[in-house]
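Listed here are the chains, written in short residue letters.
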Amino acid sequence: MKELHLKAVKAYIEMLSIHIDTKTTDADFHKDSEWYYETLFEVAHKIWEKYVDLWGKLSEITLDEKKKKANAIIENIRKEIENYKENNKVSLGTEDLLWSLANDLENIEWSSKAYIK
């Protein structure tokens, strides 16, 4: 089932790329393809959760390590966004978007820290 999940994740990423790439070229397809990539995400998610329900293991790291890793993933992408904004000349609109994304990530970062012992 792990192999099936990886194929589903790949299909999701490919569809998400198609969706994003059509934003300025085909508004109708762009709108409909949102449904496509969301469905593909759900497929991948449900396959992997079923695998775990059947006692499969996705990772050998401990629960505490998973919680720390989750926090690190969030923290790292927030820092990447903040550094990008600081190190690149961006428009005010792009800067506003990056600040908003960093703020959203900071909110879940603090939530994820609560799970770390």
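Presented here is a report on the structure given in the accompanying data block.

1. Structural notes on the packing of helix 3 (residues 63-87) against helix 4 (residues 92-113)
Moving on, step 1. Where helix 3 contacts helix 4, the axes come no closer than 9 Å and their chain directions differ by 160°. Comparing the axis directions of helix 3 and helix 4 gives the class roughly antiparallel. Considering the relative orientation of helix 3 and helix 4, their crossing is left-handed. Across the interface between the two elements, N71, I74, E75, I77, R78, I81, E82, Y84, K85 and E86 from helix 3 touch E95, L98, W99, L101, A102, L105, E106, I108, E109, S112 and K113 from helix 4.
Moving on, step 2. Each residue belonging to the contact of helix 3 with helix 4 can be placed in one class, and the counts come to 10 nonpolar, 2 polar and 9 charged.

2. Examining the pattern of salt bridges
One side chain can pair with another of opposite charge once the charged atoms of both are near each other.
Moving on, step 1. Taken as a whole and judged by the stated rule, the model has 7 salt bridges.
Moving on, step 2. The closest approach of N and O atoms between K113 and E109, which form a salt bridge, is 4.0 Å. Here K113 pairs with E109, and both are found in helix 4, just 4 residues apart, close to one helical turn.
Moving on, step 3. Judged by its relative accessible area of 29%, K113 falls in the partly exposed class.
Moving on, step 4. Among the ionic contacts, a cluster of salt bridges with common partners joins R78, E82, E109 and K113.

Rules behind the numbers
- Residues numbered from 1 in each chain as written.
- Predicted model: local features only at pLDDT ≥ 70, side-chain atom pairs only at ≥ 80, totals over all residues.
- Heavy atoms only, no water.
- Axes fitted to C-alpha atoms, helices over the stretch in contact; angles between N-to-C directions.
- Helix = DSSP H or I, 4+ residues; strand = E, 2+ residues; numbered from the N terminus.
- Parallel < 35°, antiparallel > 145°, perpendicular 65-115°, else oblique.
- Left-handed = near helix turned anticlockwise from the far one by under 90°.
- Contact = heavy atoms within 4.5 Å.
- Nonpolar A, V, L, I, M, F, W, Y, C, P; charged D, E, K, R; others polar.
- Salt bridge = Lys/Arg side-chain N within 4 Å of Asp/Glu carboxyl O.
- Buried < 20%, exposed > 50% of the residue type's maximum accessible area, 1.4 Å probe, protein only.

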